[in-house]
Amino acid sequence: MAPQDRVDWPQVAYDARKSVIDAIPAEWRVQTTYPPGSNVLSAAKDAGFMSEEELQITDFSTDATAILEAIKAKKTTAAAVTVAFCKRAAIAHQHTCCLTDFFLEEALARAKELDEIYEKTGKVVGPLHGTVKEHLDIAGHFTTAGFSAQWRKHRASKHGHLVQILFDAGAVFYCKTNQPQSIMHLECASFWGETVNPYNTALTAGGSSGGESALISFGGSPLGLGSDIGGSLRSPSAACGIWTLKSTTMRVPKAGGIISTPGADSIASTVGPMGRSPRDMQLFFDTIQAARPWMHDYQLVPLPAAPGPIPSAPWRIGIMHHDGIVRPQPPITRALTALATKLKSRPDLFTVVEFKPYKHAEIKELTNELYFVDGGASVRARVNANGEPLLSLTEFAITRPRVRDHTASQLWEMNIERETLRGEYLEHWNSQNVDFVLCPVGPGPAPELGTAKYWAYTSVWNFVDYPAAVLPTGLFADPQLDAGEEYLKAEPLSKEDAENRNNYSPVTFAGAPLSLQLVGRRHADAAVLVAMEEISKQLPLQM
C-alpha cells in the first residue's frame, strides 16, 4: 500500500484484523469457543495441535532465563522454542485478540540462524525470545500507534534502538501486540479489536500494553516489551498476573516508533519488560546495561545497572492503603493486607510502616492536564483522519476537566508547578522514612471492559518519576472472600470513589489475579529489582 493510499472506516478495521488471522497457518486455527467471562488458559491444550513438549516449553512456570539455560544445555533448540511460542501465540490471539502482526517464517529463519551459530561456535547468542508492543519499530514491519489512518503507512526501515539491542543479544521476534486507540488508555481497544483477559474474558487485559500482558499470561511469550506514561506497563501486568518494572525515565532507550502526542514531554514515558519472573526483569536490564545505550542516545542517563547504595535489610516498607481519593475494591485490600502481614512475619528483612499519600489529588489533575497540552487536538486529528470514530475511553482521556489548549506561557507555569510538587514529594518521602512503598496498582483487579478510568495509582509515580514494579501475589478475586459489605456501605471519599464502588460486583471479578505495586526512590531502579526478588520469595500468598 502506497503512503498516499487511504482506507476509510470501517473497511480498514476489517482489513487489519483479517491480515493477522491470514498470517496464522490454517492448521493452527482453533475450533473451540468459550462464553464471555471464561478462563481460557486451557485453550492451548484444548486446541489439540501443540505437543506435550511444546506445552511444557511454553508453560507459564518456565521463564525466559530457564529457556535460555535449556538451549545452552542442548535440551532444546531455538527453532523448537520459536515454533512452540508461535503456536501458543496464534491460539492466544484467537481467544483474546492480542496481536497486530504475526511473522512465523521470519522468526523461524532467525531461530535457525541462532542454532547454527551455536553449533559452529559453541556460544549462545541468546535467544531472548520475545514480543513487542505495536508502536515500537521492528525492521520491515508496520507501526500505527493505535490509529487506523496509520495502517500500513509507516514501515520501519530499521529496528528501534531498544529492539536492536535485544536483537543483537539473540532475541527472536515473532509478533507485535495490540494497544489502544491513541495508546492513552488503561484498556486495549483499537481498530485491531479489543484485547480481553485470559483469566476472565469479561475483563480487560489492561492497557496500554494489554496485548503483551494477555499474550504473556496465556503462555504465548516468555518476555515482552511495553511502555508506560501513566501505568501502561503496570496496569496490564497487574491485570494479567505478570511481572514488570517501570524504570526511572531516561534509563532505557525508547527511540524508534510512533507515539500519540509527539513533542509533548512534560510527563515522560519509559519502555520496559513484561514477563514471568523477577529474574527475567533483571536479565532484561542487565542486557540493556551491557550495551551501554547512552553511547548512542544523548537523552539517556549513563548510570550503571546497580547505582548504590542499595538499602541494607531490614528495609522499611511503607504501606499505602489508599491514595486519599479512591479506596481500592475489597480483593485488592485483601491482597495488600495479606502481603503486609507476611512481610511483618520477617522482621529480619522488612520493617513495615504506614505511608500517607501526599497531594495525590493535586498531582492527578496536573498530570491529566500535562498529557494533552493541546487539548487533545492532535489525537482527534489522527483518529478522525479516515473517519474512525473516537472511542469512549479516548474521549474520556482528552476531555477531563483541566484538559484544554494551552499557550506556551501556560505550559511553562504548569511545568513550574510540576517541579514544585516533585520537590515537595521528595521531602514528604524523606519525612516518612521509607525505602519503598507498597500500594495498589489500581482501584481494583482487572476492570470490566470499558470501565478503566482511574489512573492515579500509577500515574502519580510517572509524575514524580519513581521506578515502580508489579508483584503478582498469587491470590485471585473470590466472591466468597470479597463480598465487601462494609466497603459498599462506607461514605465515598470522592466522586471517583463512588464510581469505583458502583463498578464493583464480587462475581464479576471472579478469578482475576491480584497484584500490588512496589515503588522506590528516583533512580533506585536496582534497589527495586533487589527488593522485588526478595519479596517474591514470600510469594505466592495462600488464602
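These numbers come from a predicted model, not from an experiment.

1. Comments concerning the nonpolar core
Membership of the largest hydrophobic core comes to 105 residues, with the highest contact counts inside it found for Phe-102, Ile-317, Leu-339, Leu-438 and Leu-471. The dominant element in this core, judged by the number of residues it contributes, is helix α5 (residues 78-96), at 10 residues. Those residues in contact with Leu-438 that sit more than four places away from it in its chain are Ile-317, Gly-318, Ile-319, Met-320, Leu-336, Leu-339, Leu-343, Leu-471, Leu-516, Gln-517 and Leu-518.

2. Here we look at the UniProt feature "binding site: substrate" (unreviewed entry) in the protein
The UniProt feature table records "binding site: substrate" (unreviewed entry) at Ile-183, Ser-208, Ile-229, Gly-230, Gly-231 and Ser-232. The largest pairwise C-alpha distance within this set of annotated residues, which runs over 50 residues, is 11.2 Å, so the set is compact in three dimensions. Structurally, the position occupied by Ser-208 is in the loop between β9 (200-204) and α8 (210-218). Residues in contact with Ser-208, not counting those within four places in the same chain, are Lys-133, Asn-178, Gln-179, Pro-180, Ile-183, His-185, Glu-187, Cys-188 and Ser-232. At 3.4 Å, the side chain of Ser-208 forms a polar contact with the backbone oxygen of Ile-183. Within the secondary structure, Gly-230 sits in the loop between β10 (223-228) and α9 (234-240). Non-local contacts of Gly-230, meaning those with residues more than four positions away in its chain, are made with Leu-186, Tyr-371, Trp-455, Thr-458, Ser-459 and Asn-462.

3. Considering unusual backbone geometry
For the bond from Trp-9 to Pro-10, the omega torsion is 5°, close enough to zero to count as cis. Take Pro-10: it is sitting in the segment before α1 (11-23). With an omega dihedral of 5°, the bond running from Gly-207 to Ser-208 counts as a cis peptide bond. Even without a glycine there, the phi angle at Ser-182 is positive, about 75°. Tracing the backbone shows Ser-182 in the loop between β5 (173-177) and β6 (189-190).

4. Some thoughts on the pairing of strand β15 (residues 436-440)
Within β15, 5 of the 5 residues are buried, which leaves the element mostly enclosed by the surrounding structure. Strand direction decides the pairing type here: strand β13 (residues 315-319) and β15, joined by 3 bridges, are parallel. Bridge assignment links Ile-317 to a residue of β15, and that residue is Phe-436. In this sheet, strand β17 (residues 513-520) lies alongside β15 in antiparallel orientation, the contact comprising 5 bridges. Bridging from a neighbouring strand, Leu-438 pairs with Leu-518 of β17.

5. Comments concerning the packing of α5 against helix α6 (residues 104-121)
Where α5 contacts α6, the axes come no closer than 8 Å and their chain directions differ by 155°. Comparing their axes, α6 and α5 come out roughly antiparallel. Crossing of α5 against α6: the hand is right-handed. Judged by residue contacts, Ala-78, Ala-79, Thr-82, Val-83 and Cys-86 of α5 engage Leu-104, Ala-107, Leu-108, Ala-111, Lys-112, Leu-114 and Asp-115 from α6. In terms of residue class, the contact of α5 with α6 is built from 9 nonpolar, 1 polar and 2 charged.

6. Focus: the sheet that holds β5
Strands sit in the order β1-β5-β2-β10-β12-β11-β16-β17-β15-β13-β14 across an open sheet of 11 strands; the sheet is mixed. Each of the sheet's edge strands pairs with one partner strand only, and the pair in question is β1 (99-102) and β14 (350-354). Across the sheet, the mean angle from the axis of one strand to that of its neighbour is 25°, orientation sign disregarded. With 2 bridges connecting them, strand β11 (residues 243-246) and strand β12 (residues 270-275) associate as antiparallel partners. Bridged to Thr-244 within β12 is Met-274. Running over the sheet, helix α16 (residues 456-464) touches β10, β11, β15 and β17 and is turned about 20° from β17. This element, helix α19 (residues 525-536), spans β11, β13, β14, β15, β16 (468-476) and β17 of the sheet and lies at about 160° to β11.

7. Some points on the packing of aromatic side chains
Scanning the entire structure with this criterion turns up 17 aromatic pairs. Relative to Phe-476, the ring of Tyr-199 lies with its centre 5.7 Å away and its plane at 40°, an arrangement referred to as tilted. Pair noted here: Tyr-199 is in the loop between β8 (196-197) and β9 and Phe-476 is in strand β16, with a separation of 277 residues, a long-range link. Tyr-199 sits in the buried class, given a relative accessible area of 13%. Judged by its relative accessible area of 36%, Phe-476 falls in the partly exposed class. Note on Tyr-425 and Tyr-466: the rings are 6.2 Å apart at their centroids and 80° apart in plane angle, and the pair reads as edge-to-face. Of this pair, Tyr-425 sits in helix α15 (residues 408-432) while Tyr-466 is found in the loop between α16 and β16, placing the two residues 41 residues apart along the sequence. Tyr-425 sits in the buried class, given a relative accessible area of 0%.

Rules used in this analysis
Residues numbered from 1 in each chain as written. Predicted model: local features only at pLDDT ≥ 70, side-chain atom pairs only at ≥ 80, totals over all residues. Heavy atoms only, no water. Core = buried A, V, L, I, M, F, W, Y, C linked by side-chain atoms within 4.5 Å. Buried < 20%, exposed > 50% of the residue type's maximum accessible area, 1.4 Å probe, protein only. Helix = DSSP H or I, 4+ residues; strand = E, 2+ residues; numbered from the N terminus. Contact = heavy atoms within 4.5 Å. UniProt positions renumbered as here; feature names shortened; annotations may be inferred. Polar contact = N/O pair within 3.5 Å; in protein donor to acceptor, adjacent residues only side chain to side chain. Pairing = 2+ DSSP bridges. Axes fitted to C-alpha atoms, helices over the stretch in contact; angles between N-to-C directions. Parallel < 35°, antiparallel > 145°, perpendicular 65-115°, else oblique. Left-handed = near helix turned anticlockwise from the far one by under 90°. Nonpolar A, V, L, I, M, F, W, Y, C, P; charged D, E, K, R; others polar. Phe/Tyr/Trp six-rings, centres within 6.5 Å; stacked < 30°, edge-to-face > 60°.

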